[in-house]
Amino acid sequence: MNAEPSLLTFALPEKIHSRHNDRQAIVYVRQSTVRQVEHNRESTLLQYALADRALRLGWRRDQITVIDDDLGRSGASALDRPGFQRLVAEVGLGHVGMVIGIEVSRLARSCRDWHQLLEMCALFDTLIGDADGIYDPSTYNDRLLLGLKGTVT
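Quick caveat, the model's predicted, so the values are computed rather than measured.

Scoring rules and cut-offs
Residues numbered from 1 in each chain as written. Predicted model: local features only at pLDDT ≥ 70, side-chain atom pairs only at ≥ 80, totals over all residues. Heavy atoms only, no water. Helix = DSSP H or I, 4+ residues; strand = E, 2+ residues; numbered from the N terminus. Buried < 20%, exposed > 50% of the residue type's maximum accessible area, 1.4 Å probe, protein only. Contact = heavy atoms within 4.5 Å. Areas by Shrake-Rupley, 256 points an atom, 1.4 Å probe, with all protein chains shown as cover. Axes fitted to C-alpha atoms, helices over the stretch in contact; angles between N-to-C directions. Parallel < 35°, antiparallel > 145°, perpendicular 65-115°, else oblique. Left-handed = near helix turned anticlockwise from the far one by under 90°. Nonpolar A, V, L, I, M, F, W, Y, C, P; charged D, E, K, R; others polar.

(A) Region of interest: the overall build of the chain. Looking only at helices and strands, the chain features eight helices and five strands. From first element to last, N terminus to C terminus, the chain shows the α and β order α-α-β-α-α-α-β-α-β-α-β-β-α. Considering the chain as a whole, with its 153 residues, one finds that 44% of them fall into the buried category. In the chain, 69% of the contacts between residues at least 6 apart in sequence involve partners at least 24 apart. Within the structure as shown, the chain displays about 8,200 Å² of accessible surface, and the carbon and sulfur contribution to it stands at 56%.

(B) Quick look at the packing of helix α6 (residues 82-92) against helix α7 (residues 111-123). Packing of α6 against α7 leaves a shortest axis separation of 9 Å and a crossing angle of 25°. Classified by the interaxial angle, the pair formed by α6 and α7 is roughly parallel. Both α6 and α7 take part in a crossing whose hand is left-handed. Here Phe84, Leu87, Val88, Val91 and Gly92 of α6 come into contact with α7, specifically with Asp113, Gln116, Leu117, Met120 and Cys121. Its residues assigned to classes, the contact of α6 with α7 shows seven nonpolar, two polar and one charged.

Put into structure tokens, the structure is as follows:
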């Protein structure tokens, strides 16, 4: 019998539970302008690679959805971003265990849209992940940090 626990056990952040892994992980990919999409391909590729991070965090490939409808669209408002609207709808339907973006500022530039997403994620037990970590918006410290990250970046 192997007494050494699986490395995957140690790699999973304590905030991720089976109730999160039982739902979708949504990778949100966005670049603000068409010029960025055309000339900053490395950033786009890094964002798509977040699907592999979701795999390492315990989601199956068939549970990972990449939303890239907003490539070349500004994050200033959710009105012209069908991908962001789809993301919020999926969270509100309780389908999402975690939203992943390269940095949370990719999700929304508008404080109103950002705080709406935070509220929805808190209500529906959805985690938010970025390059810095995994956050649970239903906890005070994580919500405070996410609020600051969304406002400052």
